[in-house]
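# Structure assessment
Listed below are the residues making up each chain.
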Amino acid sequence: MPDTIDYGKKMHHAMRGLISDVLQDVADHGLPGEHHFFITFDTQHPDVEMADWLFDRYPEEMTVVIQHWYDALFVTEDGFQITLNFGDNPEPLRIPFDALRTFVDPSVEFGLRFESHEGDLHEVVELPNFDEESAAPDPVKEAEAEAEPDMSGAPEKKADVVSLDSFRKH
């Protein structure tokens, strides 16, 4: 038995479990209300499965949008599979939870970022004040932009940053 509790690893596992639960609810019941997700993942992860032309276009990371059109969402213990539309080309993707870099639901200003550190697994950080306008342009997001709801009149909400560094033993 190790002589310390690895809280970072446990938090990492718990946050991936949360994402798994949310995606399973969506697979079972559909997206409720205005909820939609921006999910960024590492395309280099050995268990990611995607079309070669998508990998050629996104050789390091890719952000997908789950909102208006998606099909065949299946959640497993290790990840999820989904078919998304890329310029009228439905393409299946398999994304392991270990490949996730960010999970954002801008409709409720909720976000998680999984950061790597040398010698550590990942750190989980809640994304403060996610702003869709300042996010890097993404072709998938641009294709969805026409159907995006206007959130300009929505009240601004603040999010707290969750950092595991304050719990690390130095």
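In this text, all values refer to a predicted model and were calculated from it rather than measured experimentally.

Calculation notes
- Residues numbered from 1 in each chain as written.
- Predicted model: local features only at pLDDT ≥ 70, side-chain atom pairs only at ≥ 80, totals over all residues.
- Heavy atoms only, no water.
- Helix = DSSP H or I, 4+ residues; strand = E, 2+ residues; numbered from the N terminus.
- Buried < 20%, exposed > 50% of the residue type's maximum accessible area, 1.4 Å probe, protein only.
- Contact = heavy atoms within 4.5 Å.
- Areas by Shrake-Rupley, 256 points an atom, 1.4 Å probe, with all protein chains shown as cover.
- Pairing = 2+ DSSP bridges.
- Axes fitted to C-alpha atoms, helices over the stretch in contact; angles between N-to-C directions.
- Core = buried A, V, L, I, M, F, W, Y, C linked by side-chain atoms within 4.5 Å.
- Polar contact = N/O pair within 3.5 Å; in protein donor to acceptor, adjacent residues only side chain to side chain.

### Overview of the overall build of the chain
- Along the chain, the regular secondary structure elements total three helices and eight strands.
- Taken over 170 residues, the chain has a buried fraction of 39%.
- Contacts in the chain between residues far apart in sequence, at least 24 positions, make up 59% of those at least 6 positions apart.
- Within the structure as shown, the chain displays about 10,500 Å² of accessible surface, and the carbon and sulfur contribution to it stands at 50%.

### Points about the sheet that holds strand S3 (residues 70-75)
- Sheet architecture is open: three strands sit in the order S3-S4-S5, paired in antiparallel fashion. Either end of the sheet is taken by a strand with one partner, and the two such strands are S3 and strand S5 (90-96). With direction set aside, neighbouring strand axes in the sheet form an average angle of 10 degrees.
- Judged from the seven bridges that link them, strand S4 (residues 79-85) and S5 form a sheet pairing that is antiparallel. Within S5, the position partnered with Gln-81 by the bridge is Arg-94.

### As for the nonpolar core
- In terms of nonpolar packing, the biggest core is built from 30 residues, with Phe-41, Phe-80, Leu-93 and Leu-100 touching the most fellow members.
- Mapped onto this core, the elements with two or more residues apiece are helix H1 (7-29), strand S1 (37-42), strand S2 (61-66), S3, S4, S5, strand S6 (100-105) and strand S7 (110-115).
- For this core, the leading source of residues is H1, giving four residues.
- Ignoring anything within four residues of it in the chain, the contact list for Phe-41 reads Val-48, Met-50, Glu-60, Glu-61, Met-62, Val-64, Ile-95, Ala-99, Leu-100 and Arg-101.

### Details of the side chain of His-36
- Within the fold, His-36 resides in the loop between H1 and S1.
- For His-36, a relative accessible area of 2% translates into the label buried.
- From its side chain, His-36 meets the backbone oxygen of Glu-34 in a polar contact 2.9 Å long.

### Re the environment of Leu-73
- Within the fold, Leu-73 resides in strand S3.
- In this structure the C-alpha to C-alpha distance between Leu-73 and Leu-93, which are 20 residues apart in sequence, comes to 9.6 Å.
- Once residues lying within four places of it in the same chain are set aside, the contact partners of Leu-73 are Leu-23, Val-26, Ala-27, Phe-80, Gln-81 and Ile-82.

Interpretation note: all reported values are geometric properties and have no functional meaning in isolation.
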